[in-house]
Amino acid sequence: MHDTGGVDADNIPFEITMQGLGLFACRRTAWQASIRVRGFGGEEGYIHEKIRRRGGRVLCLPFLRWMHRFERPMGTPYSNRWEDRCETI
């Protein structure tokens, strides 16, 4: 999904459901030490929801100019299994 709030680097940060964790940061006090994830993509959405359930927020920071890259012309050097993304929170 593409949110136009991130198009202009001068836009204010806004709440998002989730994003890939190629770029992710949080305060130590917000981190969920008990998080157990495995494989590629197992963390996406899971960590965001755990933080939200403790009263935190998940924000897009347009000034960072980061975007998730999906294309892999030479394939991936790791396993990419749907089962790794279907854990119960």
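These numbers were taken from a predicted model, which means no experiment stands behind them. (Residues numbered from 1 in each chain as written. Predicted model: local features only at pLDDT ≥ 70, side-chain atom pairs only at ≥ 80, totals over all residues. Heavy atoms only, no water.)

Asks: How should I be thinking about the overall build of the chain in this particular structure?
Replies: For the chain, the count of helices and strands is one helix and two strands. Written out in order from the N terminus, the α and β elements of the chain read β-α-β. Across the 89 residues in the chain, those meeting the buried criterion constitute 22%. In the chain, 73% of the contacts between residues at least 6 apart in sequence involve partners at least 24 apart. Accessible surface for the chain amounts to roughly 7,200 Å². Of this, 54% is attributable to carbon and sulfur atoms. (Helix = DSSP H or I, 4+ residues; strand = E, 2+ residues; numbered from the N terminus. Buried < 20%, exposed > 50% of the residue type's maximum accessible area, 1.4 Å probe, protein only. Contact = heavy atoms within 4.5 Å. Areas by Shrake-Rupley, 256 points an atom, 1.4 Å probe, with all protein chains shown as cover.)

Asks: Explain unusual backbone geometry here, please?
Replies: Across the chain, the bulk of peptide bonds are trans and the bulk of non-glycine residues have phi less than zero. Unlike most non-glycine residues, Arg-65 shows phi in positive territory, near 60 degrees. Here Arg-65 is to be found in the segment after β2 (59-60).

Asks: Looking at this model, I keep getting lost on a nonpolar patch on the surface. Mind explaining?
Replies: A cluster of nonpolar side chains, contributed by Leu-23, Leu-59, Leu-61, Phe-63, Leu-64 and Trp-66, occupies part of the molecular surface with about 510 Å² of accessible area. Note on placement: Leu-23 falls in the loop between β1 (14-15) and α1 (46-53). Overall, Leu-23 belongs to the partly exposed group, its relative accessible area being 35%. (Patch = residues over 30% accessible without salt bridge, like charges linked within 9 Å, V, L, I, M, F, W, Y side chains within 5 Å. Salt bridge = Lys/Arg side-chain N within 4 Å of Asp/Glu carboxyl O.)

Asks: Can you help me understand the confidence of the model for the chain in this one?
Replies: If pLDDT is low for a region, its predicted coordinates should not be looked at in detail. In the predicted model, the chain carries a mean pLDDT of 79, and 79% of its residues have values of at least 70. No element of the chain has a lower mean pLDDT than α1, at 86, and none a higher one than β1, at 94. (pLDDT = per-residue confidence, 0-100.)

Asks: Teacher, can you tell me more about the pattern of salt bridges here?
Replies: Pairing between side chains of opposite charge can happen when the charged atoms of each approach one another. In the structure shown here, the tally under the stated rule is three salt bridges. For Glu-49, the salt bridge goes to Arg-52, with nearest N and O atoms at 3.3 Å. Pair noted here: Glu-49 and Arg-52 are both in helix α1, with a separation of three residues, about one helical turn. A residue is classified by how much of its surface remains accessible, and Arg-52, at 25% relative accessible area, is partly exposed. In this structure, Arg-53 engages Glu-49 in a salt bridge whose closest nitrogen and oxygen atoms are separated by 3.1 Å. Of this pair, Arg-53 and Glu-49 both sit in helix α1, four residues apart, which is roughly one turn of that helix. Beyond isolated ion pairs, a larger network of salt bridges with shared partners links Glu-49, Arg-52 and Arg-53.

Asks: Is there a simple way to explain the environment of Glu-43 in this structure?
Replies: For Glu-43, the location among the structural elements is in the loop between β1 and α1. Residues Glu-43 and Gln-19, 24 residues apart in the sequence, show an inter-C-alpha distance of 10.0 Å.

Asks: What is the right way to look at the side chain of His-48 in this model?
Replies: Tracing the chain through its elements places His-48 in helix α1. For His-48, a relative accessible area of 1% translates into the label buried. Beyond its immediate chain neighbours, meaning those up to four positions away, His-48 contacts Thr-17, Met-18, Gln-19, Leu-21, Phe-24 and Val-58.

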